[in-house]
Structures are given as C-alpha cells and as structure tokens.
Amino acid sequence: MITALALSPALDVTYVVDRLQGIQRPRDAVRVAGGKSLNAARAAVALGAHDVSAVAVLAGGAGADVAAAARGDGVSLTAIDGATPTRTCVSIFDAGAGELTEIYERPVAVSAAEADLVLDTALGAPGAAGDWFLLSGGLPQSLAPETVAGAVRRVHQAGGRIAIDTHGRALRAGAAAGPDLVKVNRAEAVELLGCAPDVPGDRLVSGLHGFVAGAGRSSCVVVTDGEDGAWGFDGGEVLRARRSGPVGAFPVGSGDSFLGGLMVAFEASFSLREALPLGAAAGVANAQLPGAARLDAAMARRLAPGIRVDTFSGSAAR
C-alpha cells in the first residue's frame, strides 16, 4: 500500500486562456485534488498502483471538492475535519504567450492535534508494516518543522517506509530523521546544504545523501534538476537520469508525478536505477496536460525505456 499524508491539501484549478488580460472565457478548466501529497497519490494510481490511500485535513466547500475529486481519481481518502477551510490554488496558462502564471494560497493552519490524528489514522490501518508512506509539500506555518521528523520516526516505529518531499526547515528536520527516500529539486537541496546554486549535480546528491545517512539508516535521495534531468544516490553509485526532447507546457505537478512514479516502482521492489526512468517519464507525461498529476500513464510507460540512466563517474561515484 502507498499512503499519502496530506497536511497542506488544496483544490487546484488550472485555466487555459487565450491571453492573460481582461475578461477571459477559459478554453479549458481543470480542477483536481491538489497539494503535493495528493498529486503524488493521484499519479501513483494513474501509473497502476492498486492500493493507494490518503489521509487529509480538509474543511469547507473546497475541502469537500478535494475529497470527492481524490476518490473519483481512485485514491481511498480519509478526511480529518479541519478548523480552517481548505485553500484554493490557481494556475493560468496564457496560450498566446506560452506562459504559465501560478497563484498559490499558503497552506491553511493545521493544529498539532490534527496532524497527530493524520498519523494515527494512517498508521492505524491494517498492514502498515512494510507499506510506503509519503509526506510532500510545504508545512502549514502553524506546525513546527519537527512535525516531519516525528512522522518519519512514527512510520519507522510502525515498520513502514516513508518518502518526504518538502523544503526549508521542515526538510532539514525530516531529512535528519533518516527517511527512506528524500525527493527534492535542486533549489531545495542547495538551500538545505548551503552550497553554491551551480554545484555539480553529483556533489549535490551525494551531499544530500550524507546528510540523510547521518541518522544511521539506508536511504535513497533523488534531486530533480530541470532540463538536466535528475540525480539519484543510494550510497552505492551516483546515477543520472536524462531524456532528450521537449518537456511540455504544463510543468505544474511534474515533481509530484516523479515522486508518484518512484513510489510505484519502489512498492514493486525496483532498485533506484530501475525506478528513476518511471519517475522521470511520469514527470514528462504530466507536463503534456493541464492540471497537476493528470498524466497519461500509457505515455509515461512508453517514455520510460527512453530515459537514459548512467552511472556518473565524478568524485561522488568514486
């Protein structure tokens, strides 16, 4: 089973307009159960995972819409009643200019008790031992960064495995607790390590792995690097995954789709080398359609064999 822990969900709305000016009748309008954790869960379902669940703090009309949309996408969702109405995030694609504008409300307040209830509910399901859990996205400001580290420890105590994808102090606290997978982008990894923005990818991913490995657990790290592909390291060899060709006009949710692809692969006991092509292909497939993590799974499966994964021969690999 793959279970998403959604502490900062959102109703995500994407509009496609002729141009971002004046009054517009959208060419297309897409609404999905958003926030990074729910996006990753939806991508995992699309890619063929058979048992994907989520526990989300939801409230108000937008919260009801998120719950209905997630269930409609095949995610078995349990809603925790929140005190603050669920946020709405909007992306607008200007078809004339080929540009995307993103308007994201900040995550709404979630109490420590509500966050604990999310973990209690998720870990109380039968068979948590051996399952994968994912905690993705920025934390509400009402929660301490230690919340992510606490989630990592609780999942491990229950015998489960956990992936995190966050940033800032929450990433620092969570990564130091030794999650089984850390998936971040270059900017997030650079911020955590305090290194130069243009540091070579092999050094970035090996530095991140060293930070996570300080907790004494065997972990994988993946750093997505835009047009330069993605880097992965599991303590054995530094891997670089790349694909040639255009990425797509709708990148929102590509990182979440990447994480969903990794989850599907790891749940099937793939190695990191085997998992990276599906993650990368899911990210590319996502970028072809408006709306986060609404990827064409057949396209992702077609693209995956074309993702080149090389062992990097730089200093980190030696």
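This structure is a prediction, so every number in the text was calculated from the model and none was measured. (Residues numbered from 1 in each chain as written. Predicted model: local features only at pLDDT ≥ 70, side-chain atom pairs only at ≥ 80, totals over all residues. Heavy atoms only, no water.)

Turning our attention to the overall build of the protein chain. The helix and strand tally for the protein chain stands at 10 helices and 14 strands. At 18 Å, the protein chain has a C-alpha radius of gyration in line with the 20 Å of a compact globule built from 318 residues. Taken along the three principal axes of its C-alpha coordinates, the protein chain extends 55 × 45 × 35 Å. For the protein chain, long-range pairs separated by at least 24 residues make up 66% of all intrachain contacts whose partners lie at least 6 apart in sequence. Summed over all atoms, the accessible surface of the protein chain reaches about 13200 Å², with 51% contributed by carbon and sulfur. Looking at the protein chain, you have 27 positive and 32 negative side-chain charges, and the mean spots of the two groups are 3 Å apart. (Helix = DSSP H or I, 4+ residues; strand = E, 2+ residues; numbered from the N terminus. Rg over C-alpha atoms; globule rule 2.2 N^0.38 Å. Contact = heavy atoms within 4.5 Å. Areas by Shrake-Rupley, 256 points an atom, 1.4 Å probe, with all protein chains shown as cover. Lys, Arg positive; Asp, Glu negative; His and termini not counted. Charge placed at Lys NZ, Arg CZ, Asp CG, Glu CD.)

A sheet is described by the order of its strands in space; here four strands give the open sequence β3-β2-β6-β7, paired in mixed fashion. Both edges of this open sheet fall to β3 (28–34) and β7 (99–104), since each of them pairs with a single strand only. Across the sheet, the mean angle from the axis of one strand to that of its neighbour is 15 degrees, orientation sign disregarded. Of the pairings in the sheet, the one linking strand β2 (residues 10–17) to strand β6 (residues 87–94) comprises eight bridges and is parallel in character. Within the sheet, the bridge partner assigned to A10 lies in β6 and is R87. (Pairing = 2+ DSSP bridges. Axes fitted to C-alpha atoms, helices over the stretch in contact; angles between N-to-C directions.)

On to the pattern of salt bridges. On inspection of all chains with the given rule, the structure shows 12 salt bridges. Between D120 and R154 there is a salt bridge, with the nearest N and O atoms lying 2.7 Å from each other. With D120 in helix α3 (residues 112–123) and R154 in helix α4 (residues 146–157), the pair connects residues that are 34 residues apart, well separated along the chain. For D120, a relative accessible area of 40% translates into the label partly exposed. Using a relative accessible area of 28% as the deciding quantity, one classes R154 as partly exposed. For D225, the salt bridge identified is with R186, shortest N-O distance 2.7 Å. (Salt bridge = Lys/Arg side-chain N within 4 Å of Asp/Glu carboxyl O. Buried < 20%, exposed > 50% of the residue type's maximum accessible area, 1.4 Å probe, protein only.)

As far as function goes, none of this settles anything; it's purely spatial.
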